[in-house]
Amino acid sequence: MSFKEKGLLVVLSGPSGVGKGTVCKALRSRRSALQYSISVTTRKPRQGEIDGVHYFFRTREQFQEMIRKEELLEWAEYVGNLYGTPVGYVKETLEKGQDVILEIEVQGALQVKRRFPEALFIFLAPPSLSELKKRIIGRGTETESLIENRMSVAKSEMELMENYNYVVVNDQVDKACDRIEAIVLAEHCKVARLIEKYRKNKEFDER
Ligand code: 5GP
């Protein structure tokens, strides 16, 4: 296309343990054109997690300072920790015409929907709730009470699916990635996204 299109903001959300992180990582290793926003959190790093790669690990005070300075596009408290998306990176990347993907929990996704209703909202769903519990236990990073807490949060999160544009079942990571890439591609081809730009394009007028 001869004219520059603004990037697409893709919000990938869904219950904890559904595999958002795994799916995002897989999309990354496919060298998909999606750019990944690194979130800020007050949670302690898990083994192997690196500051500035997996998250920006910050204190609660530092996080609250970011909220006060309006440096976060959205933020949410999740199981006792704060998580948020730095707004600067997202805006700059979209302006450059690149697509950005946010991997965030559902409260944050609802905030993005209020601020950027034109974003693309994809709900990643587990094949079943019992499968979800297996995955949370299988991760082995959570205590018994945290698992129960995450499961009860997950059940209410499933109800929020109605706010999204698409639902992708994460039965197999590769298939989930295929579906997400197909959705993003189709979104780029939507008439509603493109028609104004076509009308403004000189070459198109001359035909
Ligand atoms: P975890 O502690 O397992 O890394 O993440 C817990 C939850 O927080 C996951 O559902 C993850 O998607 C979500 N999360 C990660 N970053 C953000 C963020 O920037 N904003 C919001 N709202 N949720 C986030």
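It should be noted that the structure appears before, not after, this text.
All of the points below concern the structure found in this document.

### Some details on the overall build of the protein
Broken down by element type, the protein carries nine helices and nine strands. When its C-alpha atoms are laid out on the principal axes, the protein stretches across 65 × 40 × 30 Å. Scored against the burial criterion, the 207 residues of the protein give a buried share of 43%. When the accessible surface of the protein is totalled, it reaches about 11,700 Å², and 51% of it is carbon and sulfur. If you average the places of the 34 positive and of the 31 negative side-chain charges in the protein, the two averages end up 1 Å apart.

### Considering the packing of aromatic side chains
Summed over the entire model, instances satisfying the criterion amount to six aromatic pairs. Where Tyr78 meets Tyr83, the ring centres are 6.3 Å apart and the plane angle is 75°; that geometry is what we call edge-to-face. Side by side, Tyr78 and Tyr83 carry an identical accessibility label, which is buried. Grouped by ring-pair contacts, the aromatic residues Tyr55, Phe57, Tyr78 and Tyr83 constitute a single cluster.

### Thoughts on the environment of Glu157
Checked against the element boundaries, Glu157 lands in helix 6 (residues 144-158). With 68 residues separating them in the primary sequence, Glu157 and Tyr89 have C-alpha atoms 27 Å apart. For Glu157, the contacting residues outside a window of four places in its chain are Gly14, Pro15, Ser16, Tyr78, Val106 and Phe123.

### Examining the side chain of Thr41
Mapped onto the elements, Thr41 comes out in strand 3 (residues 40-41). For Thr41, a relative accessible area of 0% corresponds to the buried category. Once you skip the residues sitting within four places of it in the chain, Thr41 turns out to touch Tyr55, Phe56, Phe57, Arg58, Phe63, Leu82 and Tyr83.

### Here's the deal with the site of the ligand
The immediate surroundings of the ligand are formed by 16 residues, with Ser39, Arg43, Tyr55, Tyr83 and Glu105 found nearest. Residue Lys20 places a side-chain N or O atom 3.0 Å away from an oxygen atom belonging to the ligand. Separating a nitrogen atom of the ligand from a side-chain N or O atom of Glu105 is a distance of 2.7 Å. Considering the ligand on its own, with 510 Å² of exposed area, one finds that the protein chains cover 95% of that surface. Listed by contribution, the elements that provide at least two residues to the shell around the ligand are strand 5 (72-78) and strand 6 (81-86).

### Things to note about helix 1 (residues 20-29)
Taken together, the buried positions of helix 1 are occupied by Lys20, Val23, Cys24, Ala26 and Leu27. Seen end-on, helix 1 carries its buried residues on one side only, within an arc spanning 160°. For helix 1, the exposed residues lying more than 90 degrees away from the buried face are Lys25 and Ser29. Downstream of helix 1 by one or two residues, Arg31 has phi in the positive range, about 60°.

### Overview of the pairing of strand 6
Counted residue by residue, strand 6 has five buried out of six residues, so it is predominantly covered. As paired elements, strand 3 and strand 6 share two bridges and run antiparallel to each other. The residue bridging Thr41 from the neighbouring strand is Tyr83, located in strand 6. As paired elements, strand 5 and strand 6 share six bridges and run antiparallel to each other. When the sheet's bridge partners are listed, Glu77 is paired in strand 6 with Leu82. Hairpin remark: strand 5 followed by strand 6, antiparallel, with two residues in the connecting loop; positive phi at Val79, about 45°.

Calculation rules
Residues numbered from 1 in each chain as written. Predicted model: local features only at pLDDT ≥ 70, side-chain atom pairs only at ≥ 80, totals over all residues. Heavy atoms only, no water. Helix = DSSP H or I, 4+ residues; strand = E, 2+ residues; numbered from the N terminus. Buried < 20%, exposed > 50% of the residue type's maximum accessible area, 1.4 Å probe, protein only. Areas by Shrake-Rupley, 256 points an atom, 1.4 Å probe, with all protein chains shown as cover. Lys, Arg positive; Asp, Glu negative; His and termini not counted. Charge placed at Lys NZ, Arg CZ, Asp CG, Glu CD. Phe/Tyr/Trp six-rings, centres within 6.5 Å; stacked < 30°, edge-to-face > 60°. Contact = heavy atoms within 4.5 Å. Near = heavy atom within 4 Å. Polar contact = N/O pair within 3.5 Å; in protein donor to acceptor, adjacent residues only side chain to side chain. Arc of directions from axis to C-beta. Pairing = 2+ DSSP bridges.

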